[in-house]
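What the coordinates show
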Amino acid sequence: MPATPTPSTPSRWDLFCRVIDNHGDLGVCWRLAADLAHRGVQVRLWIDDARALTWMAPQGQAGVQVMPWRDPLADELPGDVVVEAFGCDPPAAFVARMAAAVVPPVWINLEYLSAEGFVERSHGLRSPQWSGPGTGLDKWFFYPGFTPRTGGLIRERHLGLPVDEAPGSPRPSAAELLQAHGLLLPPDRDIERTVLLFGYRQPALPGLLEALAGGHGPGRTRLLVTPGWSAEAVGDWLGAPMRPGAPAVARGRLQLIPLPALPQTAFDRLLAACDLNLVRGEDSLVRALWAARPMLWQLYPQEDTIRLTKLQAFLDVHLDDAAPPGLRAAFEAWNGARTWTAGDWSTLLEAALPPVSTRRTAGWTDWSAARARQLAQGRPDLTSALLDFARQHRSRTG
Ligand SMILES: Cc1cn([C@H]2C[C@H](O)[C@@H](COP(=O)(O)OP(=O)(O)O[C@H]3O[C@@H](C)[C@H](O)[C@@H](O)[C@H]3O)O2)c(=O)[nH]c1=O
């Protein structure tokens with residue numbers, strides 16, 4: 001049941017989203033819209049391509065109205081707050097109406113997540129509009145981030161995320177979760193670890209697949225393969241296509257399960273049910289952190305220097321002294337910054353994530369759970385920070 005907003009809470013928000021490629025832009029915007037709605041805000045989510053919502057959020061969300069992006073968009077009155085996701089440039093006629101309003105909306109540019117130093121420096125900066133349809137307005141830069149001097153990370157209270165649960169709380173297995181989405185997994189008596197793969201194309205994958213297929217210890221690894229690039233790359237390695245939802249394929253000690261695209265909430269729960277999550281892009285990184293399980297992150301393909309600078313900044317924040325040895329190198333290998341063989345992957349898995357039946361220490365697993373809790377503790381989440389920011393700036397103009 002959505003909460004009733006306090007009288008001073010700006011309660012009508014417009015959120016603009018342009019889908020560039022992949023699913024991250026829409027993924028972030030949908031999460032934010034749903035989280036705002038759960039806190040009593042009425043959201044209009046303006047999207048230029050909403051097709052992915054059919055699988056990402058088939059259930060919809062009370063309080064969120066999905067609107068087709070139109071340009072010109074002169075016939076709509078702006079709400080109290082306008083969020084432009086990732087500098088997507090709302091239609092000029094709408095911005096002109098924002099400038100003409102007696103009390104102009106708070107205009108926020110929500111930026112991409114990064115751990116780089118510029119984020120703390122740029123978060124909350126004002127950009128006065130000297131020309132164009134928004135002349136006279138201020139646009140505010142809002143940066144998600146990992147430190148208290150940033151906008152924080154989205155962490156929806158209504159979802160009951162694993163990081164917010166008491167340690168050891170029971171979680172459904174991957175097989176149970178997938179069964180609810182019509183996917184019946186083969187018996188898992190000898191499955192020792194479940195790994196989820198959601199990535200871009202990259203050269204390090206075959207080495208890891210070989211390490212898992214070659215295996216060690218008594219059991220097998222179950223690899224859940226998401227549709228798109230991951231399914232294509234695994235299909236190339238297998239020499240046979242992986243079709244979403246098709247039956248499992250076995251290769252050595254590896255059992256490969258081609259997944260269909262799942263609703264975002266199911267995707268989040270699945271991460272919490274896996275022993276290792278190989279994720280990509282910014283939104284899945286945050287979900288993998290809140291799943292509180294071991295993970296490796298593959299960054300969005302960009303020029304090497306940009307990508308690897310962003311990776312190092314994240315690793316500097318993420319890896320503390322207690323991190324399993326070899327983890328920084330594994331992140332680098334997973335992002336093409338060093339070459340790793342199947343033997344290197346086996347060494348890491350043996351040391352940090354051994355099969356359950358031979359596990360003496362739970363190094364990577366325990367460390368991931370502790371690290372996730374530290375990251376969440378005492379920090380406002382992104383939606384709370386945005387609500388506060390809007391409240392403060394609205395009271396200045398109102
Ligand atoms: C595999 C899967 C993903 N998802 C969701 C989770 C996320 O919200 C979304 C994936 O987004 P990301 O993890 O960010 O990865 P992505 O590669 O899809 O998105 C990218 O888009 C580019 C435009 C950005 O510049 C990138 O930085 C990145 O965000 O898809 C599901 O809901 N169900 C699924 O089955």
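The following refers to the structure shown. (Residues numbered from 1 in each chain as written. Predicted model: local features only at pLDDT ≥ 70, side-chain atom pairs only at ≥ 80, totals over all residues. Heavy atoms only, no water.)

1. Here we look at the sheet that holds strand β2 (residues 42-47)
Note the following rule: Two strands make a pair as long as DSSP finds a minimum of two bridges between them. In this text, helices come from DSSP runs of H or I with a minimum length of four residues, and strands from runs of E with a minimum of two, each type numbered from the N-terminal end. Between the N-to-C directions of two axes lies an angle of 0 to 180 degrees, each axis being a line fitted to C-alpha atoms and, for a helix, fitted only over the stretch in contact.
If you walk across this open sheet you meet the seven strands as β3-β2-β1-β4-β5-β7-β6, and the pairing is mixed. What marks the edges here is a single partner per strand, and that holds for β3 (64-68) and β6 (126-128). The average undirected angle you get between the axes of adjacent strands in this sheet is 25 degrees. Alignment of strand β5 (residues 106-110) against strand β7 (residues 138-142), held across four bridges, turns out to be parallel.

2. Section: unusual backbone geometry
Omega for the bond connecting Asp 71 with Pro 72 falls within 30 degrees of zero, at 5 degrees, which places this linkage in the cis form. Along the chain, the position of Pro 72 falls in the loop between β3 and β4 (81-85).

3. Some thoughts on the pairing of β2
Across a regular strand the side chains alternate sides, sitting on one face of the sheet and then on the other. To keep things clear, this is the line we draw: Burial here depends on accessible area, computed with a 1.4 Å probe over protein chains only, as a share of the maximum for the residue type. Under 20% is buried, over 50% is exposed, and the range in between is partly exposed. Viewed with both strands pointing away, a crossover whose connecting path from the first strand over the helix to the second turns clockwise is right-handed.
Taking burial as the measure, the six residues of β2 include five buried ones, the bulk of the element. Running through helix α1 (residues 24-38), the crossover from strand β1 (residues 12-17) to the neighbouring parallel element β2 is right-handed. One ladder, built from five bridges, connects β2 with β3; its direction is parallel. For Trp 46, the partnering residue across the bridge sits in β3 and is Met 67.

4. A short note on the nonpolar core
For the record, the criterion: Among buried residues, the Ala, Val, Leu, Ile, Met, Phe, Trp, Tyr and Cys ones that are joined through side-chain atoms within 4.5 Å form a nonpolar core. These domain limits were set by an automatic method or by a database of domain assignments. When checking whether two residues touch, look at their non-hydrogen atoms; a contact exists if any pair is within 4.5 Å.
Formed by 115 residues in total, the largest nonpolar core has its most connected members in Phe 331 and Trp 345. The element best represented in this core is α1, accounting for nine residues. Counting only domains with at least three residues in this core, you end up with domain 1 (12-145 + 379-397) and domain 2 (157-376). In contact with Phe 331, other than residues within four places in its own chain, are Met 295, Leu 296, Trp 297, Leu 311, Phe 314, Leu 315, His 318 and Leu 319. Core analysis: the second largest hydrophobic core is formed by 12 residues, Trp 46, Val 82, Cys 88 and Trp 107 among them.

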